[in-house]
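Residues per chain are reported as follows:
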Amino acid sequence: MTPFDRRTFLSGSTGLLLASALTPIPAAAQNGGWRFVDDRDIEISLPHRPVRIAASYPVLTTLWPYGIHPIGLIAHREPAALPGLAQAGVDMSAVKVLKSAVDGWNFEAVLAAEPDLILTHVTGDGVVWGIGGDTADQERLESIAPILALRGDLPVEAGIERHRELARALGASTALEVGRADFEQIVAALRQTAAEKPDLKILVAAPGDTSVFAMSSGPEFPDLAYLSQLGIEIVDGGMQDLSWERIIDYPADIILTDDRGGIPQLDHIPTWTRLPAVAAGQVYPVWRYQPPYSYLGYAQAYGPILNVLRTARKVIS
């Protein structure tokens, strides 16, 4: 298994093409209650603003710096393998792990946590992050607490604003601007660097012993799509497993791999060692899978990529 888990992606970690423009509907108090219409057009109604919240990894790391601290984590890995938790300042001593693998839920832990609300992402075709197509799991979770799902495939700035809206509804206020200045500065620097080095090609991939999972610059990966809009050339691997014989058809000056693992140790594979980026020492484990939809989260995700671009050189003709 490579650091990028294919089943994690296929179980609904990101989404498909945004089919239509979303019209966000804010939360509202009604007779002392709380309501919010999520991105499935489902209205969540509670007698009070939710306090005990369980959240998927991408949503939890988005909300934590805003001062919204979920009490339960839903993830596809153990917390120690999720560097985004530390970057978001999450205090895991105050958070119960409710799911830490691609398959299987700890329903006893979910019950014990007594959440008022479960927050997660949803794809364009309605697949809920952490649940996939398992309707039995979804029904069991909904018997414990309502599920509120936001689109996990929105363009970067639209996604940031939609999650800020949720944070406001949950009680956040002054912290909503955290990281904004850094984000804007890094985006400007990325755009300038792309203009200065227009020929650099970047492949974002998860190499394994038998194949390479190559990411896409399409809407399935909003972070990569945004980099492409800034003028950075992302090699479109089509979001597919490529055999080692086929990876040579996707030449790149730089290879970025998942930041949850180090540089792949694949010197026993001749094709790997012959790739121009590998031969030039331009393989960097700095790609943040599922950055938090916040200014802070994207500043932290893009900062290392900016550093790579500033020092990288052209190695393919």
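As shown above, the structure is provided for reference.
> I'm lost on the packing of aromatic side chains in this one. Help?
What characterises a pair of aromatic rings is the spacing of the ring centres plus the angle enclosed by the ring planes. Enumeration according to the criterion identifies 10 aromatic pairs in this entry. A centroid spacing of 6.2 Å and a plane angle of 5 degrees characterise the contact between Tyr-226 and Tyr-302, whose relative ring orientation is stacked. Remark: Tyr-302 occurs in helix H12 (residues 295-311) and Tyr-226 occurs in helix H8 (residues 222-229); sequence separation between them is 76 residues. Assigned by exposure class, Tyr-226 and Tyr-302 land together as buried. Ring pairing ties together the aromatic residues Phe-183, Tyr-226, Tyr-293, Tyr-295, Tyr-298 and Tyr-302, which thus form one cluster.

> Just to check I follow, could you spell out the pattern of salt bridges for this structure?
Two side chains that carry opposite charge are able to pair once their charged atoms sit near each other. The final tally for this structure, using the stated rule, is 14 salt bridges. Here Glu-161 ties to Arg-168 by a salt bridge, and the two come within 3.2 Å at their closest N and O atoms. Glu-161 gets classed as partly exposed once you look at its relative accessible area, which sits at 35%. Assessed through its relative accessible area of 36%, Arg-168 is described here as partly exposed. A salt bridge links Lys-201 to Glu-233, with the shortest nitrogen-to-oxygen separation between them at 4.0 Å. In this pair, Lys-201 is assigned in strand E8 (residues 201-207) and Glu-233 in strand E10 (residues 233-234), connecting sequence segments 32 residues apart.

> Which parts of the structure should I look at to understand the sheet that holds strand E7 (residues 147-151)?
Backbone-to-backbone hydrogen bonds pair the strands of a sheet. The strands run either parallel or antiparallel. Strand order in the open sheet formed by five strands is E5-E4-E3-E6-E7, and the pairing between neighbours is parallel. If you trace the sheet from one side to the other, it starts and ends with strand E5 (96-100) and E7, each paired once. Neighbouring strand axes in the sheet, compared pairwise and without regard to direction, differ in orientation by 20 degrees on average. Both strand E3 (residues 53-56) and strand E6 (residues 117-122) contribute to a ladder of three bridges, which runs parallel.

> Any chance you could explain helix H7 (residues 180-196) here in plain terms?
Given 3.6 residues to a turn, an α-helix orients residues that are three or four positions apart in the same direction. Taking 1.5 Å as the rise per residue, H7 with 17 residues should run 24 Å; its terminal C-alpha atoms sit 24 Å apart, in good agreement. Summarising the contacts, the buried residues of H7 are in contact with helix H6 (156-169), H8 and H12.

Cut-off values and rules
- Residues numbered from 1 in each chain as written.
- Predicted model: local features only at pLDDT ≥ 70, side-chain atom pairs only at ≥ 80, totals over all residues.
- Heavy atoms only, no water.
- Phe/Tyr/Trp six-rings, centres within 6.5 Å; stacked < 30°, edge-to-face > 60°.
- Helix = DSSP H or I, 4+ residues; strand = E, 2+ residues; numbered from the N terminus.
- Buried < 20%, exposed > 50% of the residue type's maximum accessible area, 1.4 Å probe, protein only.
- Salt bridge = Lys/Arg side-chain N within 4 Å of Asp/Glu carboxyl O.
- Pairing = 2+ DSSP bridges.
- Axes fitted to C-alpha atoms, helices over the stretch in contact; angles between N-to-C directions.
- Expected span 1.5 Å × (residues − 1).
- Contact = heavy atoms within 4.5 Å.

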